[in-house]
Amino acid sequence: MLDAYQDNRTSRTLLWVFSGMVLLFLMLPTLIVAPLSFSASDLLEFPPRQWSLRWYETFFSSPAWMAALRTSLILGVLTAAIAVPLSFLACFAINRLGSRSAAGVYALLLLPSVTPGILLAIGLFFVLAKLGLVGTLTGVLAGHIVLAIPVSVIVLHPALNRFDWAQAQAARSLGASWFRTMRDVILPQLGLSLTTAALMAFLTSLDEAVISIFVANGPNSTLPKLMFISLRDQIDPTIAAISTLWTVLISGVVLFINLRDRGQTA
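I will try to describe carefully the structure that is included in this document. (Residues numbered from 1 in each chain as written. Predicted model: local features only at pLDDT ≥ 70, side-chain atom pairs only at ≥ 80, totals over all residues. Heavy atoms only, no water.)

1. Here's the deal with the overall build of the protein chain
Then step 1. Within the protein chain, the regular secondary structure consists of 12 helices and 0 strands.
Then step 2. What you see in the protein chain, going N to C, is helices and strands ordered as α-α-α-α-α-α-α-α-α-α-α-α.
Then step 3. Expressed as a percentage of contacts within the protein chain between residues at least 6 apart in sequence, the contacts between residues at least 24 apart total 70%.
Then step 4. Total accessible area computed for the protein chain in this model is approximately 15600 Å², and 69% of it derives from carbon and sulfur atoms. (Helix = DSSP H or I, 4+ residues; strand = E, 2+ residues; numbered from the N terminus. Contact = heavy atoms within 4.5 Å. Areas by Shrake-Rupley, 256 points an atom, 1.4 Å probe, with all protein chains shown as cover.)

Here it is as structure tokens:
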């Protein structure tokens, strides 16, 4: 009995040590970039010899950076607003099918998430070029929606599978239309999953760079694309400030999702 307890305690200790090492490895770039963003130097140097907020001031005072930020935020909101309803309807149809064809549709919806990003971007570029949408906000939005739908489907599909459809049948048997049943019975109980899917779709759009590099240009360039161009042309410490702000924003959204999930299950 004592030997089993000691073995179990040793295993848990090793697991915690291994998890800590993985977490440190994942966090190390952020732990380096964040101090760089407060450097007063014109070059990226670590550790900074002098501290300053000049690169944050440069970012917020730059019309180009602000325009790219505005474009990214608009795209993120529009992507979530379009991808989540489409994903919900697709998952609803998959749930109602309940056959082999449903598995095929589900796999098709997840296909963009397993396709190499560069191939997807090239394909979208040629399609959008034929439609005259390259460089437009609509074209970039279409590419972001393609990537956001698989993320939303992964969140919504299990939620719909867990839903008690007897409630919807009871509402229908009492005379409620499908629209009222969806509004008053189904959607309120799936609110957490829908919110999570919307936030994940927003983050997917916010962080997308490859498709934006191929499809976006001019005033519709996104912040990740502008960051990539800045790093290609010159070493600008403003990138460190933007990366830090981006990390804080994404971490805040992920933390909100986790806290909301815990509050819902508590």
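2. Side note on a nonpolar patch on the surface
Then step 1. Taken together, the side chains of F18, V22, L23, L24, F25, L26, M27, L28, L31, I32 and F46 present a nonpolar region at the surface, about 1100 Å² in accessible area.
Then step 2. Its location among the elements puts F18 in helix α1 (residues 2-36). (Patch = residues over 30% accessible without salt bridge, like charges linked within 9 Å, V, L, I, M, F, W, Y side chains within 5 Å. Salt bridge = Lys/Arg side-chain N within 4 Å of Asp/Glu carboxyl O.)

3. Concerning the packing of aromatic side chains
Then step 1. The full count for this structure, using the stated rule, is 4 aromatic pairs.
Then step 2. Here the aromatic rings of F59 and F60 are separated by 5.0 Å at their centres, their planes lie at 65°, and the arrangement is edge-to-face.
Then step 3. Of the residues examined, F60 reaches a relative accessible area of 48% and is grouped as partly exposed.
Then step 4. Here the aromatic rings of F125 and F126 are separated by 5.7 Å at their centres, their planes lie at 80°, and the arrangement is edge-to-face.
Then step 5. Assessed through its relative accessible area of 53%, F126 is described here as exposed.
Then step 6. Ring pairs connect the aromatic residues F59, F60 and W65, which therefore count as one cluster. (Phe/Tyr/Trp six-rings, centres within 6.5 Å; stacked < 30°, edge-to-face > 60°. Buried < 20%, exposed > 50% of the residue type's maximum accessible area, 1.4 Å probe, protein only.)

4. Considering the nonpolar core
Then step 1. Residues W65, F88, I186 and L223 are the most contacted members of the largest nonpolar core, which totals 56 residues.
Then step 2. Here this core takes 12 residues from helix α3 (residues 63-97), the largest share from any one element.
Then step 3. Apart from residues lying up to four places away in sequence, W65 is in contact with T58, F59, L223, L226, M227, S230, T238, I239 and I242. (Core = buried A, V, L, I, M, F, W, Y, C linked by side-chain atoms within 4.5 Å.)

5. Side note on the side chain of T71
Then step 1. Looking at where T71 falls in the secondary structure, it is placed in helix α3.
Then step 2. Overall, T71 belongs to the buried group, its relative accessible area being 8%.

6. Here's the deal with helix α6 (residues 137-162)
Then step 1. In this model, α6 (26 residues) spans 37 Å end to end at C-alpha, consistent with the 38 Å of a helix rising 1.5 Å per residue.
Then step 2. Along its length, α6 shows its largest kink, about 30°, at V153. (Expected span 1.5 Å × (residues − 1). Bend = angle between axes of the 7 residues up to and from the residue.)

7. Describing the packing of helix α2 (residues 54-61) against α3
Then step 1. Packing of α2 against α3 leaves a shortest axis separation of 5 Å and a crossing angle of 70°. As summarised for this structure, α2 and α3 are arranged roughly perpendicular, according to the angle between their axes. Contacts between α2 and α3 involve T58, F59, F60 and S61 on the former and, on the latter, P63, W65, M66 and L69. (Axes fitted to C-alpha atoms, helices over the stretch in contact; angles between N-to-C directions. Parallel < 35°, antiparallel > 145°, perpendicular 65-115°, else oblique.)

8. A closer look at the side chain of T222
Then step 1. With respect to the element layout, T222 can be found in the loop between α10 (210-215) and α11 (223-233).
Then step 2. With sequence-adjacent residues up to four places away left out, T222 is seen in contact with A68, T71, S72, L75, V140, H144, E208 and S212.

9. Details of the environment of K130
Then step 1. With respect to the helices and strands, the residue K130 is situated in helix α5 (residues 117-131).
Then step 2. Along the chain, K130 and L111 lie 19 residues apart, while their C-alpha atoms are 23 Å from each other.

10. So, the environment of A209
Then step 1. By secondary structure assignment, the location of A209 is in the loop between α9 (191-207) and α10.
Then step 2. Residue A209 is classed as partly exposed on the basis of its relative accessible area of 24%.
Then step 3. The sequence separation of A209 and A121 amounts to 88 residues, and the corresponding C-alpha distance is 9.9 Å.

11. Some details on the environment of V140
Then step 1. Mapped onto the elements of the fold, V140 is located in helix α6.
Then step 2. Here V140 falls in the buried class, since its relative accessible area comes to 0%.
Then step 3. Taking the C-alpha atoms as reference, V140 lies 29 Å from P29; in sequence the two are 111 residues apart.
Then step 4. For V140, the contacting residues outside a window of four places in its chain are L75, S212, V215, A216, N220 and T222.

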